[in-house]
Amino acid sequence: MPLVEPQKLLKELSELWVGLGKGDGASQGVLRACAMTFIVVTEAENTDIGETLAALMPEHPSRAIVVILDPKAEDVSARVFAQCWMPFGRRQQICCEEVEITTPPGKLKDIANVILGLTVPDLPVVMWSRCPSLFDLPEFSRLLPLIDKLIVDSNGVEDPSGFLQRLVAIPEVLVADLAWTRLTRWRETVANVFENPEFRGQLPAIHELVVDFGGDVPPTRGYYLAAWISACLGGKIQSSMHHVEAEAGIHAMALKNGGFQMSLELLDGSQAELRAGTLVARLVFQRPNDYMLLREELKILGHDRAYESALAGALDMSKTS
Amino acid sequence: MSQANPFQDALRFERSVPPCAMVIFGANGDLTRRKLLPALYQLAHDRRLPAGFTVLGNSRTAMPDDAFRDKMKEAVQKNTEGDSPFDEELWKDFASGLFYVAGDISDAATYNTIRERLEEVERTRHNGGNVLYYLSTQPSQYGPVVQGMGKAGLQNGNGWRRLVVEKPFGHDLESARVLNQTIQTVFPENDIYRIDHYLGKETVQNVQAFRFGNGIFEPLWNRRYVNNVQITAAESIGLEGRGGYYQEAGALRDMIQNHLLQVMSTVAMEPPALFEPNAVRDERAKLLRSVRIMTPDDVLQNAVAGQYGPANIGGTDVPGFRQEEGVDPNSQTDTYAAATFFVDNWRWAGVPFYIRTGKRLPKRVTDIAIRFNDAPLSLFRRDGEGAQVPPGAQANLLILRIQPEEGISLRFLSKHPGEGMHLRPVSMDFNYGTSFGARSPSAYETLILDALIGDATLYTRQDMVEASWKAVAPIQELWSNSKFEFPNYAAGTWGPKASDEMLARHGHEWRVP
């Protein structure tokens, strides 16, 4: 007899809703919302995701299934509970359901069927892996057929080339990397600069991209940025990455032709300085947290061609650098 | 032709605003302080404005740029609707693009100075000569301002030039036509953006998503299944210092002619072939042109004017309209207007569209209620002893809520749990604020952004404005020649009895929102 049965968990979820509906009389009822099944795979020492999930729920209400890989766990166990919040000025609380499954890594394959039974019908299934070693588990491939989109984070990986290679090799699932999502603000700023026809006229002559990065190795998002710009400009650009004393990640970038330069550099706090020709502007440039990155990524449930192209280009660049 | 921007990524980036400047006429006025600058600051905060974005304000009051910036800072701090705290650093950057030109709009020199300042900021702030002009002056000054701009050549430059005009567009059909002609001598119709902030509201836009993004409801969206449509825009407040304006305008002109007929056109229009500005506006215009024009006899049957009298609401004495400050004690102004419109096309023939609006009603609410026909054969007893459906049960209703809580509700009958077959109405609710926790942009943020991008979908066109004036013209004419026995409803009630009677003649009654 399996320790964790989907049917039993679904019954518990149902009872949970009935209980919430009865409430304490003060909450004036409960609204239920669900737009997807959101599976989070994380390690036992890294389970501080409650706040991120709670923050995501208002915009991406989901059934969250949190799978905790715990080497110390003897067997698979599960519990269900609700994430509720009371929007300001409203009398009804909004609740989303959460299933937490703890499993020893070796039994990951056993929970594939549990997850299958718990996914919400007719809605997309997205998995966020916070566990870099997940790729190395043979059981990982059992989970892939269950999901529509896999979200990983290559931020801080020591072997960018190896990591990108693994991403490229994942079959038949949409893949997203939060390192690419971190680039949106950079990319959007570049795009907005060249909305100006005066600056856009400089594009044909641009021949050089310089990326300054902090940290021990060039970050994957440095490769992504270079690959994306190169693809946008038809591949006729020389890219280089320079180490600077700064927080890990991209610190600055500059696009150059003979007489024109467009640059973007992070400043202290949540600001950046943009220079394009004689134009100088300060921009709000918040460092995104997991919530902000996932909020963006969960909006995209189809192909992201720009990312797919950048992933292939970044892999090539990382191999040759 | 300039090359396309190779860096754009429509999947992830918000629509981008090209480099540009915005000139606000009436920059010292209430609208600029309460709505325009807060909306622009919020757009800057959300990174929606291009680097080098410039605002050039104009009004009569003499003040240097810095004094204008200080005034606008105070206005933004007081009126910003977003949930982000005011950011000093961001403001500094935003304020560096705020400039001011003092000058009387009747003086040709004012427009020449504006032209010179625009040429200067084009050089220093790299905005490519693109300019959005915003008329935020008294409506009577729209014509003279546009003529002044024309004489100074402000409609021409290195980039695009667009004009946003606030409502009201005239005070009747004839004045609307004259105003349109005046404006069109300077700006082509494609560059004129007549703002109706109701169309910028998220739920009004969602009506199109709801109707044309789903296959479930559109098959029911016609005379075979819809019994009647009720559009309500109720305000619980009185004049709030707008006595002078309101006394001249009245509820019919202030709300029905523009906002509510535009809302009705969104609810009732045919699906456009494409979701692009002129295709959508063509369908709205066609619908407005299909509104049956009332005869004087029709007006007597299908339109009701009201004016509130004094009352005590919750222990507080509330003055009647005629007792409000700045109001003529014998005023004949309608503070309540209700009308039954019919749309003469194949989809809607015979379906009444009831529209009502008023001040000092019991609560602030704007919604659209679509009542579907009852089941053709009722299996459940509705009357007498042992009735299975409670009397007056409100079901078969689809409610599109615009304010205060934006969302959609479907009311239908459901079996009450337990013994027997007793039915009761239940509500299935979709709430914008709770289903999507993200802040909805204000109507002004949406509409200003659209104008800067050049998307006129949510703006009204000359033919739409004229069609809606035509629809209310017979009512205006009869009312202006009538003497009403006002007041005819007490503050805090749902309007005059005649309004209920108007629906009763069709066998209907107002729902209580």
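The residue count restarts for each chain, going from 1 along the sequence in the order it is written. To label them, take the chains in the order written and letter them from A, then take the ligands in the order written and number them from 1. Only residues with pLDDT of at least 70 are given local features in this predicted model, and only at 80 or more are side-chain atom pairs given and counted; all residues enter the totals for whole chains, interfaces and linings. Hydrogens and waters are ignored; side-chain quantities use all the structure's heavy atoms.

## Notes on the pairing of strand 16 (residues 407-415) of chain B
Residue and element names in this part refer to chain B. Rule in force here: Should DSSP find at least two bridges between two strands, the strands are regarded as paired. Numbering of helices and strands runs from the N terminus, with a helix taken as a DSSP run of H or I at least four residues long and a strand as a DSSP run of E at least two residues long.
For strand 15 (residues 397-403) and strand 16, the ladder comprises five bridges, and the chain directions are antiparallel. Residue pairing for strand 16: L397 is matched across the bridge by R411. Hairpin connection, strand 15 to strand 16: the antiparallel pair is bridged by three residues.

## Thoughts on the pattern of salt bridges
The condition is simple: Note on definitions: salt bridges are taken to be side-chain nitrogens of Lys or Arg within 4 Å of carboxyl oxygens of Asp or Glu. Accessibility here uses a 1.4 Å probe with only protein chains present; expressed as a share of the type maximum, an area under 20% marks a residue as buried, one over 50% as exposed, and anything in between as partly exposed.
Applying the stated rule across the entire model yields 36 salt bridges over all chains. A salt bridge links B:D463 to B:R461; the nearest nitrogen and oxygen atoms lie 3.0 Å apart. Given a relative accessible area of 26%, B:D463 falls into the partly exposed group. Judged by its relative accessible area of 11%, B:R461 is buried. Members of the salt-bridge network, linked through shared partners, are A:K149, A:E296, A:E297, A:D304 and B:R12.

## Section: helix 1 (residues 30-45) of chain B
Residues three or four positions apart in an α-helix share a direction because the helix packs 3.6 residues into each turn. Residue and element names in this part refer to chain B. To keep it simple, the criterion reads: Given the number of residues in a helix, its expected span is that number minus one, multiplied by 1.5 Å. To get the bend at any residue, fit one axis to the seven residues that end at it and another to the seven that begin at it, then take the angle between the two axes.
End to end, helix 1 covers 22 Å across 16 residues, agreeing with the expected 22 Å (1.5 Å per residue, within 8%). Within helix 1, the axis deviates most sharply at L36, by approximately 30°, and proline P38 lies no more than four positions further along. By the burial criterion, the buried members of helix 1 are L31, T32, L36, L37, P38, A39, L40, Y41, Q42, L43 and A44. The positive-phi residue at the C-terminal boundary of helix 1 is R47, with phi of around 65°.

## Notes on the interface of chain A and chain B
Cut-off, in case you're wondering: Pairs of residues are marked as contacts when any of their non-hydrogen atoms sit within 4.5 Å. Two parts placed together each lose some accessible area; with a 1.4 Å probe, that loss summed over both constitutes the buried area.
Residue-level contacts link 45 residues of chain A with 30 residues of chain B. Buried surface at the junction of chain A and chain B, summed over both partners, amounts to about 3300 Å²; 56% is from carbon and sulfur atoms. For B:D9, the salt bridge is made with A:R187, and the minimal N-O distance between the two is 3.0 Å. Elements that contribute at least two residues to the side of chain A that touches chain B include exactly helix 6 (178-181), helix 7 (184-193), helix 8 (197-200), helix 9 (220-232), strand 12 (271-276), strand 13 (279-284) and helix 10 (290-297) of chain A. Considering each element in turn, the side of chain A that touches chain B owes the most residues, seven residues, to helix 7 of chain A.

## Overview of the packing of helix 6 (residues 173-184) of chain B against helix 13 (residues 462-480) of chain B
Relative orientation and spacing of two packed helices are given, respectively, by the angle between their axes and the distance between those axes. All names here are of chain B. Using the following cut-off: Only C-alpha atoms enter the line fits that serve as axes; for helices the fit covers just the stretch in contact. Angles between N-to-C directions range over 0 to 180 degrees. Roughly parallel refers to an angle under 35 degrees, roughly antiparallel to one over 145, roughly perpendicular to one between 65 and 115, and oblique to any angle outside these ranges. By definition, turning the near helix anticlockwise from the far helix through less than a right angle yields a left-handed crossing, and turning it clockwise yields a right-handed one.
In contact at an axis separation of 9 Å, helix 6 and helix 13 are set at 165° when each is read in the N-to-C sense. It follows from the interaxial angle that helix 6 and helix 13 lie roughly antiparallel. The crossing of helix 6 and helix 13 is left-handed. Mapping the contact onto sequence places L173, A176, R177, N180 and Q184 in helix 6 and Q462, V465, E466, W469 and K470 in helix 13.

## Some remarks on the nonpolar core
What counts here: Here, nonpolar core means buried Ala, Val, Leu, Ile, Met, Phe, Trp, Tyr and Cys residues that are tied together by side-chain atoms lying within 4.5 Å of each other.
In terms of nonpolar packing, the biggest core is built from 146 residues, with B:F25, B:L118, B:Y133, B:Y134, B:F341 and B:I370 touching the most fellow members. The residues touching B:I370, leaving out its near neighbours within four places in the chain, are B:W221, B:V226, B:N228, B:V229, B:V267, B:N396, B:L397, B:L398 and B:L400. Grouped together as the second largest cluster of nonpolar side chains are 81 residues, A:V67, A:I115, A:L144 and A:L311 included.

## A word on the side chain of B:D9
With respect to the helices and strands, the residue B:D9 is situated in the segment before strand 1 (21-25). Those residues within four positions of B:D9 in sequence are excluded, and the remaining contacts are A:R187 and A:A306.

## Description of the pairing of strand 11 (residues 261-266) of chain A
Residue and element names in this part refer to chain A. One ladder, built from five bridges, connects strand 10 (residues 238-256) with strand 11; its direction is antiparallel. Residue pairing for strand 11: L255 is matched across the bridge by M262. Hairpin connection between strand 10 and strand 11: a loop of four residues separates the two successive antiparallel strands. Relative to strand 12, strand 11 runs antiparallel, the two sharing five bridges. Its bridge partner lying in strand 12, L264 is registered against L274. Connecting strand 11 to the next strand, strand 12, in antiparallel fashion are four residues, including G269 with a positive phi near 75°.

## Focus: the environment of B:T333
Residues and elements named next belong to chain B. Test applied: Identification of polar contacts relies on pairs of N or O atoms within 3.5 Å, with a donor-acceptor requirement for protein atoms, meaning one able to donate a hydrogen and the other able to accept it, and with residues adjacent in sequence counted only if both atoms are side-chain atoms.
Following the sequence through the fold, T333 ends up in the loop between strand 11 (316-318) and strand 12 (336-342). Sequence separation of T333 and N206 is 127 residues, and the distance between their C-alpha atoms is 34 Å. If we ignore the near neighbours within four places in the chain, the residues touching T333 are Y246, Q247, G250, G306, Q307, F321 and F486. A distance of 2.7 Å separates a polar side-chain atom of T333 from the backbone oxygen of Q247. Separated by 3.0 Å, the side chains of T333 and S331 make a polar contact.

## Considering the sheet that holds strand 12 of chain B
Residue and element names in this part refer to chain B. In space, the eight strands of this open sheet follow the order 8-12-13-7-14-15-16-17, with mixed pairing throughout. With one partner strand each, in any of the chains shown, strand 8 (303-306) and strand 17 (423-431) form the two edges of the open sheet. The average angle at which neighbouring strand axes cross in this sheet is 15°, direction not considered. Pairing geometry for strand 8 and strand 12, over four bridges, is antiparallel. Considered in strand 12, the bridge of A305 is made with A337.

## Examining the confidence of the model for chain A
Our working rule: Per residue, pLDDT measures the predictor's confidence, with a range of 0 to 100.
Counting all residues, the mean pLDDT for chain A is 86, and 92% of those residues have values of 70 or more. Summarising per-element confidence for chain A, the mean pLDDT is lowest in strand 1 (residues 30-32) of chain A (61) and highest in helix 6 of chain A (97).

## Observations concerning the side chain of A:T119
Checked against the element boundaries, A:T119 lands in the loop between helix 3 (108-118) and strand 6 (125-129). At a separation of 3.1 Å, a polar atom in the side chain of A:T119 contacts the main-chain carbonyl oxygen of A:L116.

## Side note on the confidence of the model for chain B
With 97% of its residues at a pLDDT of 70 or more, chain B has an overall mean of 90. Taken element by element, the predicted model of chain B shows its lowest mean pLDDT in helix 11 (residues 432-435) of chain B (60) and its highest in strand 12 of chain B (98).

## Looking at the packing of helix 5 (residues 160-169) of chain A against helix 11 (residues 305-320) of chain A
Residue and element names in this part refer to chain A. Formally: When residues are sorted by character, Ala, Val, Leu, Ile, Met, Phe, Trp, Tyr, Cys and Pro go into the nonpolar class, Asp, Glu, Lys and Arg into the charged class, and all the rest, Gly among them, into the polar class.
Interaxial distance between helix 5 and helix 11 falls to 9 Å at its minimum, and their mutual angle equals 140°. Crossing of helix 5 against helix 11: the hand is left-handed. Where helix 5 approaches helix 11, its residues S161, L164, Q165, L167 and V168 are matched on the opposing element by Y307, L311, A314, L315, S318 and K319. A class-by-class count of the residues in the contact of helix 5 with helix 11 yields seven nonpolar, three polar and one charged.

## Some remarks on the packing of aromatic side chains
Residue and element names in this part refer to chain A. Where we set the bar: Stacked, edge-to-face and tilted labels apply to pairs of Phe, Tyr and Trp rings (six-membered ring for Trp) whose centres lie within 6.5 Å, assigned for plane angles under 30 degrees, over 60, and everything in between, in that order.
The full count for this structure, using the stated rule, is 29 aromatic pairs over all chains. Ring geometry for F194 and F260: centres 6.4 Å apart, planes at 65°, overall edge-to-face. Of this pair, F194 sits in the loop between helix 7 and helix 8 while F260 sits in the loop between strand 10 and strand 11; the two residues are 66 residues apart in sequence, bridging distant segments of the chain. Side by side, F194 and F260 carry an identical accessibility label, which is buried.

## Considerations on the environment of B:T266
Residue and element names in this part refer to chain B. The topology assignment puts T266 in helix 8 (residues 243-268). For T266 and R284, which are 18 residues apart along the polypeptide, the C-alpha to C-alpha distance reads 6.4 Å. Engagement of the side chain of T266 in a polar contact is seen with the backbone oxygen of Q262, the distance being 2.9 Å.

## Notes on the sheet that holds strand 1 of chain B
Residue and element names in this part refer to chain B. Read across the sheet, six strands follow the order 3-2-1-4-5-6 without closing on themselves; strand pairing throughout is parallel. The open sheet has two free edges, formed respectively by strand 3 (98-102) and strand 6 (192-194), since each of these has just one partner strand. Neighbour-to-neighbour, the strand axes of this sheet turn through a mean angle of 20°, independent of strand direction. Of the pairings in the sheet, the one linking strand 1 to strand 2 (residues 54-59) comprises five bridges and is parallel in character. Its bridge partner being in strand 2, A21 is matched across the sheet by T54. Packing of helix 1 onto the sheet brings it into contact with strand 1, strand 2, strand 3 and strand 4 (131-135), and relative to strand 1 it is tilted by some 170°. Against the sheet, helix 4 (residues 108-125) contacts strand 1, strand 2, strand 3, strand 4 and strand 5 (161-165), and its axis sits at roughly 160° relative to strand 3.

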